[in-house]
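Listed here are the chains, written in short residue letters.
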Amino acid sequence: MQKEFFPKIFLSLLFFSIITTGGYTQNGKMSDHWAAYLNYQKHQSGELNDSALHFLHKAENLAFDKESYNRYLWYINEEARYLYIKSEPYRAIDVIKEGMQRHKAHEDTLNSFTYAYSNGSIGFILYSMGKNEEALKYFLQKVRHEEIIMEKNLPYYQKYPDRFHNELSTSYETLTTCYQTIYEKTLRPEAFFHATEYAEKLWKHCMSKNLESQYGDALYTYGRLASVLFPNEALDLLEISSQYLGDSHLEAYYSNLSDYYLKKGNPDKAKALLKEGLEIIFKPREITSRDKISTGGESPESIINQLAGIYLYTNQPDSAIRLITPNLKNTEDPVDLCETYALLAKARMNKGNLEKADSLYKLSRSYISHLDEGGTELELLNDMALLMLKWNKTDTARHYTSLADSIARSYEKDFFKSPHANNIQFVLNHIFKSARIFSDLYLREHKIEDYQQAQKLFLEGLKLTNRLNFNLIDKSSLAYLSNNIKTYLPWYFDINYARYKNTGDEKYATLIGDALANNKARTLTTLIRREENQKLTIFDGETQKVDSLEFLINDLESAILSTNDTAVIDSLKIKRIETAIDLLGYKFREERKKTAHYPDYAENTLKNIQKKLDANSIFVDYYLSDSVMYTTYVTSKDIDVKRQIFPDGFPKAVRDKQRSLKTGNGKSNYDNMLWSTLLTPLNSELKNKKHIIIVPDSYLYKIPFETLFKNDQFLIESHTINYNYSALAYLLTGKDARPENLSSLILAPDFSNGNAAPNLAFRGIENDSTLFRNGKLVSLPFAQSEAKEIFEKFRKKDVASNLLTGPLATKENFIKYAENSHILHMATHGYSSRENPFRSCIFFSDRQNHEADYMMMNELYNLSLDADLAVLSACQTGNGQIIEGEGMLALPGGFIFSGVPNVIASLWKVHDQKTRFLMEAFYSYLLEEDKSYKEALRLAKLNCIKEGYLPLDWAGFVLIGE
């Protein structure tokens, strides 16, 4: 809070309260202490002086002697304001504390609003000094005291209810701001979620007490916080708040939301939002196809510059130049000029006009002293270094980026130890850009000191990213972290690959492997690696409440559109806002349970995997960038890495293979390309290693490697294959051996009676004919016989087993028996949600209301299972959303986190009769011939091939784990 702003709040609230509570006796005579206070006001004459303070002390003493203790404490607060303005904040705090002690000794503080207000005064002083954590304690005491006064209907509240409601709303807003500041300073997620709690309290208080004048501020405060996690929902609230506050409040929102989509890799959406914001906020006269913008008197330089930055991001330097050149005439603000010159320099550099770019960068840097933040200077210096590289002036490039690094580390606030949420982008930009520049220098000149500097910076950036992944709440910043890794990780691989090829030293291959391990399946490995006492319940069954509120909002929107009655529309809109706030409250609480401390950057991952492998196995981890693929592989004796440029049309080849698997015999015109790209680099090892553990990447998740085809046979005909989500997940979840005394749970719901689709969670997917017909789940006629046949196989081997079929195959029974079973087999329907993977699910028999029951992926995270294998004999259970840094986010990850290290799941929709044949064969090899999971699944698939089944019928089932 600005220091000059604080006394104004202090004075206005204090003076208002003193005037309205009266400085007169009951017979109308002015009290002595009030007369003294007025003399204090008179002697101030607009300026602070010791003569005025004399009269204030007199007022304090007279009020205390007259036993007017609340009035005495008001005067004490005024003295504190006086001292604060005279730059004596600690003395001001001491004066208030002493006054509160004297008041407490003679008066019941519970009904004293003055006492509560005094806590707020101390909080304001501490907050203005940057002591946010200490200020928070006093703000909390103030608001709790005020809530008690209101809840118990104490005399002060009875006498001044309207004034009290306004003061309490101010307290809620203050706490929201304080918590948000603490989050920005510390990146502690709890602080952010406390801010959302008090923002919700602020809105509900304003609504319940009809504080219409504060509706807009309350909505804006809550919407601004919501935009961090739920940008779409927040836009709705912020647009409504603009009806109360004016469109200018939307400027920051459009800017932030555009930044969010740009960081998510959607520049077109980001550009459209900024144009929309300019139209709404600044009422431009013209936005043509040539992107000329005239703002009709008000020049929004910052948003125009942001839009120009997107043009540069999308390689449209001419559009950027046309857009921002007028800014140089429209503003004298040094901050805007600094940014405008820097953008023009980037545009000129993109066009190849290096000399002009250099002069513009230097002009931009001449305004740096006017900026409060150091991040802009770091960005400028690194951009200038990149310019020098384009000019082949390597020494100058090295000078600029070294200067940037030395400046960063000389700041009073150490960016690298305690990054501020508002400068996190600058911090990581600096680290990764500097690392990229030193990488480029090393690859050009092969100076070991450049490699060492690049390596140090990259590891610093990777470890910082690792630490921030679960402490940052802001989704745009998280998207930025992910895109940062995608942009710069190939440079890290390139320098270490160059060192590996030059020296033959295996340690450089392991560095690449460690980076891959830490940047795949981040959510899964984070949750697994937390200490047991940190383990949180991630979801608590509020999903259906969220669904219910979402559909209620839709119904309210329909009702608003269907009537012309203004009064009805206004009522429905208020109801819609209230429902939206409730919905966001649930969503915030759900997100809160996901936060966790991210474990340290894992090192020596490949070395540890090497210790785990037998002589017949090879571990392969793929990484795909835009044009290059890195393949790291590990055997019991060697660690190696291969780098290759994609052949033309490789992504198309993967898509064609996927199509051939689902619609034909699995053979593609691109089989030779796929084999040579994915497997030829491993040829020498594949000849001797018959077991392959594969960690796919990006779109490689969409094809089972078993179906790679060469010399008239599939890869599965010569090799056993299983998968994992990351090298680290493979290390963390593997067990040394299968349990000796097996027990099993076999489950097969009966949908032949036409169980209705669950109304809330699955509205919108009823058109999926493989799941629903006429709003009811499709029957699986072979699932029951599959389950009974498998149960018989376990029974014949004297394995303790539970068979749950038909009405017994409920969710409750599954939870009851699963926790004590080593093998879980579920022959049922599955649903994969690509939009929200945590809502992917498996279905169970119906509940009492005759709707099918279900268990979502988020619910699996709450289970604690001791099973060794889960077989999801259902459609698409291994499919999901492919997310940068996560890989495939799907149901198997939920089972793995719950304690099941091995999961068999399907990548596409499967036929239940042919699935029955595959599963019965799998269990025959597993139980009767004592084969491992991976070998039993391979032999079962080979049986399908012999029977003439197409890959569609057998290739979709993959083993994740072992």
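Here's a quick rundown of the structure. Along each chain, residue indices are assigned from 1 in the same order as the chain's sequence is written. Note on the predicted model: pLDDT of at least 70 is required for a residue's local features to be given, and 80 or more for side-chain atom pairs to be given and counted; whole-chain, interface and lining totals, by contrast, use all residues. As a convention, hydrogens and water are excluded, and side-chain values are obtained from all of the structure's heavy atoms.

So, the overall build of the protein chain
Condition: Only DSSP runs of H or I with at least four residues qualify as helices, and only runs of E with at least two residues qualify as strands; both kinds are numbered from the N terminus onward. Each residue is assigned to one of three classes by its accessible area relative to the maximum for its type, calculated with a 1.4 Å probe on protein chains only: buried under 20%, partly exposed between the two thresholds, exposed over 50%. Residue contacts are defined here by distance: any two heavy atoms, one from each residue, within 4.5 Å place the two residues in contact. Accessible surface area values rest on a Shrake-Rupley calculation with a 1.4 Å probe, where residue burial reflects the displayed protein chains alone.
Within the protein chain, the regular secondary structure consists of 40 helices and 22 strands. Counting only residues that meet the buried cut, the protein chain has 58% of its 962 residues in that class. When contacts within the protein chain are restricted to residue pairs at least 6 apart in sequence, those whose partners lie at least 24 apart make up 70%. When the accessible surface of the protein chain is summed, it comes to about 40100 Å², and 46% of that surface belongs to carbon and sulfur atoms.

Considering the pairing of strand β6 (residues 691–695)
Definition in use: A pair of strands is treated as paired once DSSP finds two or more bridges between them.
Across the five residues of β6, five count as buried, placing the element largely inside the fold. Residues of β6 alternate between two faces, with H691, I693 and V695 on one and I692 and I694 on the opposite face, all of them buried. As paired elements, strand β3 (residues 617–624) and β6 share five bridges and run parallel to each other. Of the residues in β6, the one forming a bridge with V620 is I694. Summarising the sheet, β6 and strand β9 (residues 720–723) pair through four bridges and their orientation is parallel. Note that in β9 the partner of H691 across the bridge is T720.

Observations regarding the pattern of salt bridges
To keep it simple, the criterion reads: Salt bridge, as applied in this entry: a Lys or Arg side-chain nitrogen positioned within 4 Å of an Asp or Glu carboxyl oxygen.
Across all of its chains, the model carries 30 salt bridges by this definition. Between R916 and E920 there is a salt bridge, with the nearest N and O atoms lying 2.9 Å from each other. Of this pair, R916 and E920 both sit in helix α38 (residues 912–928), four residues apart, roughly one helical turn. One salt-bridge network, in which partners are shared between bridges, spans D395, R398, E445, K447 and D450.

A few points about the packing of helix α34 (residues 783–796) against α38
How we decide: For every element, the axis is a line fit to its C-alpha atoms; helices are fit only across the contacting stretch, and the angle between N-to-C directions ranges from 0 to 180 degrees. Should an angle fall under 35 degrees it is taken as roughly parallel, and over 145 as roughly antiparallel, whereas 65 to 115 is taken as roughly perpendicular and any remaining angle as oblique. Amino acid classes used here: Ala, Val, Leu, Ile, Met, Phe, Trp, Tyr, Cys and Pro are nonpolar; Asp, Glu, Lys and Arg are charged; the rest, including Gly, are polar.
Contact pair α34 / α38: the axes reach a minimum separation of 9 Å and the direction vectors enclose 5 degrees. Relative to α38, α34 is oriented roughly parallel. On α38, the residues that touch A783, S785, E786, E789, I790, K793 and F794 of α34 are D912, T915, R916, M919, E920, Y923, S924, L927 and E928. Here the contact of α34 with α38 is built from residues that sort into six nonpolar, three polar and seven charged.

Details of the nonpolar core
Spelled out, the test is: Only buried Ala, Val, Leu, Ile, Met, Phe, Trp, Tyr and Cys residues count toward a nonpolar core, and they belong to the same one when joined by side-chain atoms within 4.5 Å.
Residues F493 and F619 are the most contacted members of the largest nonpolar core, which totals 175 residues. Setting aside anything within four residues of it in sequence, one finds F619 in contact with I609, L613, T632, Y633, V634, I693, V695, A727 and Y730. The next biggest cluster of nonpolar side chains, apart from the first, holds 109 residues, and it includes M629, F794, I842 and L869.

Overview of a positive patch on the surface
What counts, and what does not: Patch members must show over 30% relative accessible area and no salt bridge, and they are joined within 9 Å when carrying like charges or within 5 Å when they are nonpolar side chains of Val, Leu, Ile, Met, Phe, Trp or Tyr. Here Asp and Glu are counted as negative and Lys and Arg as positive; His is not counted, and neither are the chain ends. Charge positions come from single atoms, namely NZ of Lys, CZ of Arg, CG of Asp or CD of Glu.
Judged by side-chain charge, K652, R655, K662, K702 and R834 come together as a positively charged surface patch. Positionally, K652 belongs in helix α30 (residues 650–663).

Remarks on the environment of S924
Looking at the secondary structure, you find S924 in helix α38. When the C-alpha positions of S924 and F794 are compared, they lie 9.4 Å apart, and in sequence the two are 130 residues distant. Leaving out residues up to four positions away in the same chain, S924 has contacts with K793 and E929.

Observations regarding the pairing of strand β16 (residues 841–846)
Of all the six residues making up β16, five are buried; the element is thus mostly covered by neighbouring parts of the structure. Judged from the two bridges that link them, strand β15 (residues 830–831) and β16 form a sheet pairing that is antiparallel. By the bridge assignment for β16, Y831 is matched with C841.

Points about the packing of helix α9 (residues 161–186) against helix α11 (residues 215–229)
This is how the line gets drawn: Crossing chirality is assigned from the near helix's rotation relative to the far helix, an anticlockwise turn below a right angle marking it left-handed and a clockwise turn marking it right-handed.
At their nearest, the axes of α9 and α11 sit 11 Å apart, and the two run at 25 degrees to each other. Comparing the axis directions of α9 and α11 gives the class roughly parallel. For the pair α9 and α11, the sense of crossing is left-handed. Only T221, R224 and L225 of α11 make contact with α9, whose side of the interface consists of E173, T176 and Q180. Partitioning the contact of α9 with α11 into residue classes produces one nonpolar, three polar and two charged.

Comments concerning helix α5 (residues 89–106)
Side chains three or four residues apart in an α-helix point the same way, a direct result of the helix having 3.6 residues per turn. Cut-off, in case you're wondering: Take the residue count of a helix, subtract one, and multiply by 1.5 Å to get its expected span. Starting at the helix axis, one direction is taken to each C-beta atom, and the arc is that of these directions.
With 18 residues, α5 extends 26 Å from end C-alpha to end C-alpha; this agrees with the ideal 26 Å at 1.5 Å per step. Where α5 is concerned, the buried positions are P89, A92, I93, V95, I96, G99, M100 and H103. Viewed end-on, α5 has its buried residues packed into an arc of 160 degrees, placing them on one side of the element. When the buried face of α5 is taken as reference, the exposed residues oriented beyond 90 degrees from it are E98, Q101 and A105.

A word on the side chain of S364
To keep things clear, this is the line we draw: In the analysis that follows, any N or O atom pair within 3.5 Å is treated as a polar contact, provided that within protein one partner can donate a hydrogen and the other can accept it, and provided that, for residues neighboring in sequence, both atoms belong to side chains.
In this structure, S364 sits in helix α19 (residues 354–365). Its relative accessible area of 0% is what places S364 among the buried residues. Here the side chain of S364 touches C338 through a polar contact of 2.6 Å, landing on its backbone oxygen. Among all residues touching S364, those that are not within four sequence positions of it are C338, Y341, A342 and L380.

Overview of unusual backbone geometry
The backbone of N315 shows a phi angle near 60 degrees, a positive value even though the residue is not glycine. Turning to its location among the elements, N315 is positioned in the loop between α15 (301–313) and α16 (317–324). Given the relative accessible area of 58%, N315 is considered exposed. Despite not being glycine, D798 shows a phi value in the positive range, around 55 degrees. On the secondary structure map, D798 appears in the loop between α34 and β13 (800–805). A relative accessible area of 73% places D798 in the exposed class.

What to know about the side chain of T563
Here T563 shows up in the loop between α27 (543–561) and α28 (566–592). Engagement of the side chain of T563 in a polar contact is seen with the backbone nitrogen of D565, the distance being 3.1 Å. When residues no more than four places from it in sequence are discounted, the contact partners of T563 are V568, I569 and L572.

Re the environment of T877
Here T877 lies in the loop between β18 (869–873) and β19 (881–883). Overall, the relative accessible area of 1% leaves T877 in the buried class. For the pair T877 and Y831, spaced 46 residues apart in the sequence, the C-alpha separation amounts to 6.7 Å. Once residues within four sequence positions are removed from consideration, T877 is found in contact with G830, I842, L872, A890, L891, P892, A905 and S906.

Examining the packing of aromatic side chains
Spelled out, the test is: Ring pairs shown here join Phe, Tyr and Trp side chains whose ring centres sit within 6.5 Å, with only the six-membered ring taken for Trp; geometry is labelled stacked below 30 degrees between planes, edge-to-face above 60, and tilted in between. In this scheme, Lys NZ or Arg CZ marks a charge over a ring once it lies within 6 Å of the ring centre and within 35 degrees of the ring normal.
Enumeration according to the criterion identifies 31 aromatic pairs in this entry. Considering the side-chain rings of F124 and F139, the 5.4 Å spacing of their centres and the 75 degrees angle between planes classify their relative orientation as edge-to-face. With F124 in helix α6 (residues 113–128) and F139 in helix α7 (residues 132–151), this pair connects stretches of sequence that are 15 residues apart. Their ring planes at 65 degrees and their centres at 5.0 Å tell us that F709 and F714 sit as a pair that is edge-to-face. Among the residues examined, F714 registers a relative accessible area of 7% and is labelled buried. Here a set of aromatic residues connected by ring pairs shows up, and it is made of F432, F458, Y488, Y492, F493, Y497, Y623 and Y630. Positioned over the ring face of Y451 is R499, at 5.4 Å from the centre of the ring. Above the ring of Y854, the side-chain terminus of K811 is found at 6.0 Å from the ring centroid.

Purely geometric stuff here, so don't read any function into it on its own.
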